[in-house]
Amino acid sequence: MPGEPSASVAAALRRERERAGLSLTELAARAGLAESTLATMEAGTGDPSMETLWAIGTALGVPLSRLVEPAADDLRVIRAGQGPRVRSERADFTGTLLSAGTARVRRDIYLIELEPGAIREADGHTPHSVEHVVVAAGRLRVGPESEVVELGPGDYATFPGDLPHRYEALVPGTFAVLVMEHP
């Protein structure tokens, strides 16, 4: 499928793990994953879920985008249905990274696609992160577990990304733009 992140994830995972000075065994323990899972991902043959990538990013102290963003060009166009797509293993939820922040600008932009059914429940991300969501189509229930709100097309919400939170599509074909800020 276009936009599968296996090759870029493999290179980024190795780069970030080595930058942190961790062995596969150490990173696996910190992320709560099997060492074989990480080895498969570093070999570029794994199909990591969003939950797995978040766990690795949290263990490394980096945003998920640093693990899936391909090398940058001066002009970058991502056509609909393309780009590095990461699926949730717990819900019909797909995130496509549109733009990652830099060392100076720590924000990532995703297009997220959701279908009714299972709820995408996210653990808290890096400390002091903030999520901004604008619904483009459909209806979405989103926010921290203690304060979930319902949004429709054009509605915007922001909430702390370092607390457990959820995304739930209420109608088929729901999609939104998610901007994540990282300190």
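All of the points below concern the structure found in this document. (Residues numbered from 1 in each chain as written. Predicted model: local features only at pLDDT ≥ 70, side-chain atom pairs only at ≥ 80, totals over all residues. Heavy atoms only, no water.)

1. Notes on helix α3 (residues 35-42)
Taken together, the buried positions of α3 are occupied by Leu38, Met41 and Glu42. Buried positions in α3, seen along its axis, are confined to an arc of 95° and lie on one side of it. Residues of α3 that are buried sit in contact with α1 (6-19), α2 (24-31) and α4 (50-60). (Buried < 20%, exposed > 50% of the residue type's maximum accessible area, 1.4 Å probe, protein only. Helix = DSSP H or I, 4+ residues; strand = E, 2+ residues; numbered from the N terminus. Arc of directions from axis to C-beta. Contact = heavy atoms within 4.5 Å.)

2. Observations concerning the packing of aromatic side chains
Under the counting rule described, the total for this entry stands at two aromatic pairs. With 5.6 Å between their ring centres and 55° between their planes, phenylalanine 93 and tyrosine 167 make a pair best called tilted. Residue phenylalanine 93 is located in strand β2 (residues 93-99), and its partner tyrosine 167 is located in strand β9 (residues 165-169); the two are separated by 74 residues in the primary sequence. This pair shows no difference in class: phenylalanine 93 is buried, exactly as tyrosine 167 is. Through a chain of ring-to-ring contacts, the aromatic side chains of Phe93, Phe159 and Tyr167 assemble into a single cluster. (Phe/Tyr/Trp six-rings, centres within 6.5 Å; stacked < 30°, edge-to-face > 60°.)

3. Describing the sheet that holds strand β6 (residues 140-144)
One open sheet accounts for four strands, arranged β4-β9-β6-β7; its pairing is antiparallel. The sheet terminates laterally at β4 (120-122) and β7 (149-151), the two strands that pair on one side only. Averaged over all pairs of adjacent strands, the angle between strand axes in this sheet comes to 20°, irrespective of strand direction. Looking at chain direction, β6 and β7 are connected through three bridges and run antiparallel. When the bridges of β7 are listed, arginine 141 appears paired with glutamate 150. (Pairing = 2+ DSSP bridges. Axes fitted to C-alpha atoms, helices over the stretch in contact; angles between N-to-C directions.)

4. Focus: the packing of α1 against α3
Running from amino to carboxyl end, α1 crosses α3 at an angle of 120°, the nearest separation of the two axes being 7 Å. By the angle between their axes, α1 is oblique relative to α3. Taken together, the residues of α3 that come into contact with α1 (itself represented by Val9, Ala10, Leu13, Arg14 and Arg17) are Leu38, Met41 and Glu42. Its residues assigned to classes, the contact of α1 with α3 comprises five nonpolar, no polar and three charged. (Parallel < 35°, antiparallel > 145°, perpendicular 65-115°, else oblique. Nonpolar A, V, L, I, M, F, W, Y, C, P; charged D, E, K, R; others polar.)

5. Some words on the sheet that holds strand β1 (residues 85-87)
By way of backbone hydrogen bonds, the strands of a sheet pair with one another, either parallel or antiparallel. Strands sit in the order β1-β2-β3-β10-β5-β8 across an open sheet of six strands; the sheet is antiparallel. Here the strands that pair on one side only, and so sit at the sheet edges, are β1 and β8 (156-160). Strand-to-strand twist of the sheet, defined as the mean angle between neighbouring strand axes without regard to direction, takes the value 25°. For strand β5 (residues 130-137) and β8, the ladder comprises five bridges, and the chain directions are antiparallel. Note that in β8 the partner of glutamate 131 across the bridge is phenylalanine 159. Along the sheet, α4 makes contact with β1, β2 and β10 (174-181), crossing β1 at roughly 100°.

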